[in-house]
Amino acid sequence: MNGSSKSARGGFASRLGFMWAAVGSAVGLGNIWKFPYITGEYGGGAFVLTYLVCILVVGLPLMYSELIIGRRGGKDILGALRDLTKEAGLPGTLLSWLTGAMAVLTGFLILSFYAVVAGWAVHFFVLSVGGLELNGGAGETFGALVANGPLAAIWHTVFMAITIFVVTRGVQGGIEAACKILMPTLVGILGILLVYVAFTGGLGESLIFLFRPDFSKLSGDAVLEALGHTFFTLSLGMGVMVTYGSYLKDEIHVLRDGFWVAVLDTVIALMAGAVIFAVVFSNDLEPSAGPGLLFATLPGLFVGMPGGALVSTAFFLLVVFAALSSAISLLEVVVAYMVDEFGVLRLWATLGMGFAIWLLGLASAFGLNMPGFLPEALGGGQAVLDTLDNLTTKYLLPLGGLLIAVAAGWMLSKQDRESGFSALPGNGGLLVSSWTFLIRFVTPVLILLVILKGIGIIDFSD
Ligand code: PHE
């Protein structure tokens, strides 16, 4: 694929522009909302350590795979994989269709509920700006919001509108420009919060909880949860990094950039965890409070702090920013697919798909339940939001990751496989072979285990 056809569809203005966008996609509700609560549920240190190992042996190899496939393809995920299978001399395009269609569907589904959770954050941001008057306590305020469909739908709509607006402006004018402002702000606000809790107490206990592993608490289930979360938090398994990689100029060093995206994502999750657990421990709260940990607990704590409304405002602004830059990437995968595969104008693709996602999101905002004919494991009879979250994180993302790993490990030419490592001394010899080994054998097998566990074919519970 030559450079000129890439520049016709735009590209990132600079290496840092790509970095901001990729970090922006990776860092989101997964880091600030999900990582702390699952860490709390699975008992801290040992889970965190497992998650870090998963980032290394599954996350990083897949990150490189997606960036390399995207950069060589210069297209949306389906197009990039179709070219790849064709060039590898494989019959048919089943793999590319499966992976591509599933990726687009996954992005569609994730964004629909993601925007609702982000909308909750907008609600608490607005409450904080208004002086953080909680009705009852944080739990009650959160409960009242979740029970109030129209209110949740309003914030969902506001969030989707902003996301659509940024994506209509295109990769360079929109995504890169937004992330360049969003990401440094986010790190800055987290830094301020960390300093704050260092003075107000709880930080020591929080760090011990996060970093002192107690392996007696580590069940097989926790290992698999850590693996599944790796996909979600690094935006892997549905072509975000393939799509962003397709806007990369050839000279960009994929290996280094992928590495920094994973490092920054992890650091931000740990910073968020450190802040949240510091507040939890200094107020004698339960670390294992579950998905409500962020929304039902922290606002109550902010209320009790001097200058709490201000801290709360900063905190929820941070959550909204992080969610926005992830949402942008989710929509971008769907839009790039419509633009590249069907030649739809970017503006119409964004408005049309954005509208459809918003519509589906209303089901989550209004707290509707899935019809009972769905098998229970897939969420039959449960809330739409939980079902879509489960379906995408436990099944669709890992399956997409598995297919991408197969494509990268077994279909990329040797030259392509080495392309991400070429800037290293000796062309990255040992690293290339380690990556090839991981992506061919280790990564797919581990992912398969997660999926089989999810379906219930194997059972690790001790
Ligand atoms: N990585 C994002 C987060 O942690 C969520 C996401 C998943 C974004 C998949 C894009 C694709 O919040």
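Bear in mind that the values here come from a model prediction, so they are computed numbers and not experimental data. Here, residues in each chain are numbered from 1, in the same order as that chain's written sequence. Only residues with pLDDT of 70 or above have their local features reported here, since the model is predicted, and side-chain atom pairs are shown and tallied only from 80 upward, although totals for entire chains, interfaces and linings are computed over all residues. With hydrogens and water set aside, each side-chain value is computed from the structure's full complement of heavy atoms.

**Focus on the overall build of the protein**
Alright, step 1. Here a strand is any run of E in DSSP of at least two residues, a helix any run of H or I of at least four, and the numbering for each starts at the N terminus. Broken down by element type, the protein carries 19 helices and 0 strands.
Alright, step 2. Residues classed as buried in the protein amount to 57% of the 462 residues present.
Alright, step 3. The contact criterion used throughout is that any non-hydrogen atoms of two residues lie within 4.5 Å. Residue pairs at least 24 apart in sequence account for 80% of intrachain contacts in the protein once pairs closer than 6 positions are excluded.
Alright, step 4. Per element, the accessible surface of the protein, about 17300 Å² overall, is 69% carbon and sulfur. Here's how the labels work: a residue is buried when its accessible area is under 20% of the maximum for its type, exposed when over 50%, partly exposed in between, all with a 1.4 Å probe on protein chains only. Each accessible area is a Shrake-Rupley result for a 1.4 Å probe, and residues are judged covered by the shown protein chains and nothing else.

**What about the site of the ligand?**
Alright, step 1. Here a residue counts as near a molecule or strand whenever at least one of its heavy atoms sits within 4 Å of it. The environment of the ligand is made up of 15 residues, and the closest members are Ala26, Leu29, Gly30, Tyr114 and Phe232.
Alright, step 2. Side-chain polar atom of asparagine 31 to an oxygen atom of the ligand: 3.3 Å apart, as the coordinates give it.
Alright, step 3. One of the backbone N or O atoms of phenylalanine 232 is found 2.7 Å from a nitrogen atom in the ligand.
Alright, step 4. Protein coverage of the free-state accessible area of the ligand, which is 320 Å², stands at 100%. We define a polar contact as two N or O atoms separated by no more than 3.5 Å, with the added condition that, inside protein, one atom must be a possible hydrogen donor and the other a possible acceptor, whereas residues neighbouring each other in sequence contribute only through side-chain atom pairs.

**Things to note about the nonpolar core**
Alright, step 1. As used here, the term nonpolar core means buried Ala, Val, Leu, Ile, Met, Phe, Trp, Tyr and Cys residues forming a set that is joined through side-chain atoms within 4.5 Å. Formed by 156 residues in total, the largest nonpolar core has its most connected members in Leu62, Ile69, Trp120, Phe295 and Phe315.
Alright, step 2. If we skip the residues at most four places from it in the chain, isoleucine 69 touches Ala80, Leu81, Leu84, Val242, Ile404, Ala407, Ala408 and Leu412.

**Re empty space enclosed by the protein**
Where empty space is left can be seen by rolling a probe of water-molecule size over the atoms.
Alright, step 1. Here a cavity denotes a set of grid points, spaced 1 Å apart and computed over the protein atoms alone, in which a 1.4 Å probe fits but from which it cannot get out, and a pocket denotes an open set meeting protein on both sides within 12 Å along at least five of seven lines; residues with an atom within 4 Å of a point are reported as lining. Grid points are joined across faces, edges and corners, and a volume is the space filled by probe spheres set on the points. On inspection of all chains with the given rule, the structure shows 2 cavities of 30 Å³ or more.
Alright, step 2. Empty space within the largest cavity amounts to approximately 140 Å³.
Alright, step 3. Residue lining of the largest cavity: 20 residues in total, with Ser25, Tyr114, Phe232, Ser235 and Leu330 positioned closest to the centre.
Alright, step 4. At the level of elements, helix 2 (15-26), helix 3 (29-41), helix 6 (94-129), helix 11 (220-233) and helix 15 (308-342) are the ones that each hand at least two residues to the lining of the largest cavity.
Alright, step 5. Of the residues contributing to the lining of the largest cavity, the split by class is 12 nonpolar, 8 polar and no charged.
Alright, step 6. Taken as a whole, the second largest cavity encloses approximately 40 Å³ of empty space.
Alright, step 7. If you go around the second largest cavity, the residues you meet are Leu193, Tyr196, Val197, Val275, Val279, Leu298, Phe302, Met305, Val311 and Phe315. In this count, Pro and Cys sit with the nonpolar residues alongside Ala, Val, Leu, Ile, Met, Phe, Trp and Tyr, while Asp, Glu, Lys and Arg are called charged and the others, Gly among them, polar.

**Looking at the packing of helix 6 against helix 7 (residues 138-147)**
Alright, step 1. Interaxial distance between helix 6 and helix 7 falls to 11 Å at its minimum, and their mutual angle equals 130°. By the angle between their axes, helix 6 is oblique relative to helix 7. Where helix 6 crosses over helix 7, the handedness of that crossing is right-handed. Contacts between helix 6 and helix 7 involve Trp120, His123, Phe124 and Leu127 from the former and Thr141, Phe142, Leu145 and Val146 from the latter.
Alright, step 2. Broken down by class, the residue content of the contact of helix 6 with helix 7 amounts to 6 nonpolar, 2 polar and no charged. Every axis corresponds to a line fitted to the C-alpha atoms, with the helix fit spanning only the stretch in contact, and the corresponding angles, defined between N-to-C directions, vary from 0 to 180 degrees. Here the angle decides the label: under 35 degrees means roughly parallel, over 145 means roughly antiparallel, 65 to 115 means roughly perpendicular, and every other value means oblique. Each crossing is labelled by how the near helix is turned from the far one, with a counterclockwise turn of less than a right angle marking it left-handed and a clockwise turn marking it right-handed.

**Quick look at the side chain of serine 329**
Alright, step 1. As for its position among the elements, serine 329 is in helix 15.
Alright, step 2. Among all residues touching serine 329, those that are not within four sequence positions of it are Ser25, Val240 and Tyr244.

**A short note on the packing of helix 15 against helix 16 (residues 346-365)**
Alright, step 1. Following both chains from N to C, one finds helix 15 and helix 16 inclined at 130°, their axes separated by 9 Å at the closest point. Classified by the interaxial angle, the pair formed by helix 15 and helix 16 is oblique. Judged by the sense of rotation from one axis to the other, the crossing of helix 15 with helix 16 is right-handed. Residues Leu331, Glu332, Val334, Val335, Met338 and Val339 of helix 15 form the contact with helix 16, whose participating residues are Arg346, Ala349, Thr350, Met353, Gly354 and Ile357.

**Examining unusual backbone geometry**
Alright, step 1. Look at leucine 132: it is not a glycine, yet its phi comes out positive at around 55°.
Alright, step 2. What makes leucine 132 buried here is its relative accessible area of 6%.
Alright, step 3. Unusually for a residue other than glycine, serine 235 sits at a positive phi of about 60°.
Alright, step 4. In this structure, serine 235 sits in the loop between helix 11 and helix 12 (240-246).

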